Every structure is written in structure tokens, then in C-alpha cells.
Amino acid sequence: MTLHTFQLKNRFGQLHVAEYGGQLLHWQCPAGIERLYTPEQLHIVPGRALRGGVPVCFPQFSRRGDLPKHGLVRTRPWRLQGQTESALILAIEDDEHTRALWPYAFSLVQTLVLDADGLSISLDFHNRSDQALVFTAALHSYLRVPDVTACTLHGLNGYVYQDAADDGRYKNQQSNLFINGEVDRVFAEAPKRLRLNYGNGESLEIRQGGFADTVVWCPGPELAASYSDMPAADWQRMLCVEAAAATQPVTVLADGHWQGWQKLRVL
């Protein structure tokens, strides 16, 4: 399978988005520094999701339902709906494949904006069916880091999370979040602004809206060693900080709309 991409380049950097899955694969700053983690050798297998970048999870997050893990749209082609000097707009609608698993009419528009405020990704959902629809969703952002064990994620101190790496137990986050192995935490009703300190003098501001939850995920060395689509050692080069609607599904009335977004800005 040949991977077709859409590209945006301006004075604020450049983006590369795959038609397959509508997946943002690369976000480079003007100096050419890559800010997202995507494996150097991308495994492209029809019907299988791509590793890295920003996968779109919809209408199911993870295995929280009966659909395939992370939903239906990350292995389907998206179309380029529009492009400006600072934005790429991609869209996908229900088709025979999605209706076989989720029998509803919908459209999903993803808008990626690269400007002085950094990178902004928004999802706009339109319920085109004649009944209310319920779904979970996420922007599964893989952030590239120099060394994840040197990073600190600020803003979650005191928040309760569900620990998927420990049988789903509920715990309280004590102090800022440090990574030294596998982390898989779902923070419900998370703060709308976080800061990722890279440990090298730089940091990343992470903001979100529409999505109520934040997921923090890193596979750690053992889980990463079991993956066939990324080098085992690369677990130290990435941290997923995801804007998610995971713990409480979103309900959208017939012909209704919903929007969720994440914004990333290097400080």
C-alpha cells in the first residue's frame, strides 16, 4: 500500500497528514525540529492502524465498547476538504464499511491549523442520523521527547485517574507526573491546560476543549518490546498525552454537532 499524504508548509513549520486514517504524522517547527513521534520505518499494512503521530480514535476509545480498538476511522481513507495558508481540513463520512459495524450516518471533519500559536487540531462531529448517537473519542497524540524519563508533566497533581496498567484501579496523582516505565492513566475531568517539561530547557503547553478527559500513555520497555511496528528502545522517545472523551460517552442528538480540540505550543 502506498501512503498518500497531504502537506502544509508555512513560516511556522510544516505538517504531513496521511490520507489513510486522516492521521497527522509529522509536525516540524521552523527550525526543522520534529515534535511528534512516528517510527522512522513506518509499518504500512492495509486494515491496520499506523503507529505514531496523532491517530483519531472514533467512535470508540480503546476497548471501551464492542467495536475494534480505537474505533473505525483510523484505518479508512479521509478526503482533503480544503486547504489554506495555515490550515488543512480533512473529512470522512459513514460508508458501507463503517455502517456494517456502527449503523449510523455521520460526518467527521478534522481541522489542523499551524500558526503563531503552534498546532491546533479540532474534530467536528455531525450526527446525520435520525436518532441520538453516543460515542467515545480521542486525539491520540504521540509527542516526541528527547528522553521520556527526564520529562515532567505538570498540571495533574491531586487528580484521580484510572490506572489501566494496574487492572483499572483508581488512584490519586501525587505531585507532577514522572515516567520511568509503563504508564496508562485516564484522568477524568482533567484540567484544560498542562505543561510537558522536556528536561532540556524546553517545554510544551498542551491545551484542550470539548474533550473532558486526558489520557497519559507510555508503553515502557516490556510492552514496547512486544510491538512489531516500532523499535523497542523508542518507548523513551515518546509520550502520549491525549485529549479524550473516554470515561463518560458523548451524546449528540439527531442532526446535532459536537467539537473537541487539542492545541500544542512549544514554550
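Residues numbered from 1 in each chain as written. Predicted model: local features only at pLDDT ≥ 70, side-chain atom pairs only at ≥ 80, totals over all residues. Heavy atoms only, no water.

Draft legend 1. Just the side chain of Arg 51, in detail. Position of Arg 51 relative to the elements: it lies in the loop between strand E3 (24-28) and strand E4 (56-57). Within the structure, Arg 51 has its side chain in polar contact with the side chain of Tyr 142 (distance 3.0 Å). Of the polar contacts made by the side chain of Arg 51, one reaches the side chain of Asp 229; its length is 3.2 Å. (Helix = DSSP H or I, 4+ residues; strand = E, 2+ residues; numbered from the N terminus. Polar contact = N/O pair within 3.5 Å; in protein donor to acceptor, adjacent residues only side chain to side chain.)

Draft legend 2. Fine view of the pairing of strand E7 (residues 106-115). Counting buried positions along E7 yields nine of 10 residues, so the element is predominantly enclosed. With seven bridges connecting them, strand E6 (residues 87-93) and E7 associate as antiparallel partners. Note that in E7 the partner of Ile 89 across the bridge is Thr 111. In this structure, E7 lies alongside strand E8 (residues 118-127), joined through 10 bridges in antiparallel fashion. Residue pairing across strands places Asp 115 opposite Gly 118, the latter belonging to E8. Counted between consecutive antiparallel strands, the loop separating E7 from E8 contains two residues. (Buried < 20%, exposed > 50% of the residue type's maximum accessible area, 1.4 Å probe, protein only. Pairing = 2+ DSSP bridges.)

Draft legend 3. Representation of the packing of aromatic side chains within the structure. Scanning all chains against the criterion turns up 13 aromatic pairs. Taken together, a centroid distance of 5.1 Å and an interplanar angle of 80 degrees make the contact between Trp 102 and Tyr 104 edge-to-face. In this structure Tyr 104 comes out as partly exposed when scored by relative accessible area, which is 23%. Plain terms: the ring middles of Tyr 142 and Trp 217 are 6.1 Å apart, the flat faces sit at 85 degrees to each other, and that makes the pair edge-to-face. Of this pair, Tyr 142 sits in strand E10 (residues 142-144) while Trp 217 sits in strand E18 (residues 213-218), and the two are 75 residues apart along the sequence. Pair check on accessibility: Tyr 142 and Trp 217 agree, each one buried. Put simply, the rings of Phe 58, Trp 102, Tyr 104, Phe 106, Phe 125, Phe 135, Phe 211 and Trp 258 touch in pairs and so form one group of aromatic residues. A cation over an aromatic ring shows up here: Arg 51 above the ring of Tyr 227, its NZ or CZ 4.2 Å from the ring centre. Stacked on the ring of Trp 261, the Lys or Arg Lys 263 has its end atom at 4.9 Å from the ring centre. (Phe/Tyr/Trp six-rings, centres within 6.5 Å; stacked < 30°, edge-to-face > 60°. Lys NZ or Arg CZ within 6 Å of the ring centre and 35° of its normal.)

Draft legend 4. The arrangement of the pairing of strand E17 (residues 203-209) in detail. Of all seven residues making up E17, six are buried, and the element is well covered by its neighbours. In terms of strand pairing, strand E16 (residues 193-197) meets E17 through five bridges, oriented antiparallel. Bridging from a neighbouring strand, Leu 194 pairs with Ile 206 of E17. Connecting the antiparallel pair E16 and E17 is a turn made up of five residues, with Gly 199 showing a positive phi of about 90 degrees. As judged from the six bridges shared by E17 and strand E20 (residues 257-266), these two strands associate in the antiparallel manner. Across the sheet, residue Gln 208 finds its bridge partner in E20, namely Gln 262.

Draft legend 5. Expanded view of unusual backbone geometry. Cis rather than trans, the peptide bond between Phe 58 and Pro 59 has omega equal to -5 degrees. Mapped onto the elements, Pro 59 comes out in the loop between E4 and strand E5 (79-83). Of note in the backbone geometry, Glu 189 takes a positive phi value of approximately 50 degrees without being a glycine. Examined against the element boundaries, Glu 189 turns out to sit in the loop between strand E15 (183-187) and E16. Judged by its relative accessible area of 57%, Glu 189 is exposed.

Draft legend 6. Spotlight on the pattern of salt bridges. Taken as a whole and assessed by the stated rule, the structure comprises 14 salt bridges. Put simply, Arg 51 and Asp 229 hold a salt bridge, and the shortest N to O gap is 3.2 Å. Residue Arg 51 is found in the loop between E3 and E4, and its partner Asp 229 is found in the loop between helix H2 (220-225) and strand E19 (238-252); the two are separated by 178 residues along the sequence. In this pair, the class of Arg 51 matches that of Asp 229, namely buried. When the shortest N-O distance is used, the salt bridge between Arg 128 and Asp 94 registers 2.8 Å. With Arg 128 in the loop between E8 and strand E9 (133-139) and Asp 94 in the loop between E6 and helix H1 (96-101), this residue pair connects regions lying 34 residues apart in the sequence. The exposure class of Arg 128 is partly exposed, given its relative accessible area of 43%. A network of salt bridges, in which partner residues are shared, links Asp 163, Asp 166, Asp 167, Arg 169 and Lys 171. (Salt bridge = Lys/Arg side-chain N within 4 Å of Asp/Glu carboxyl O.)

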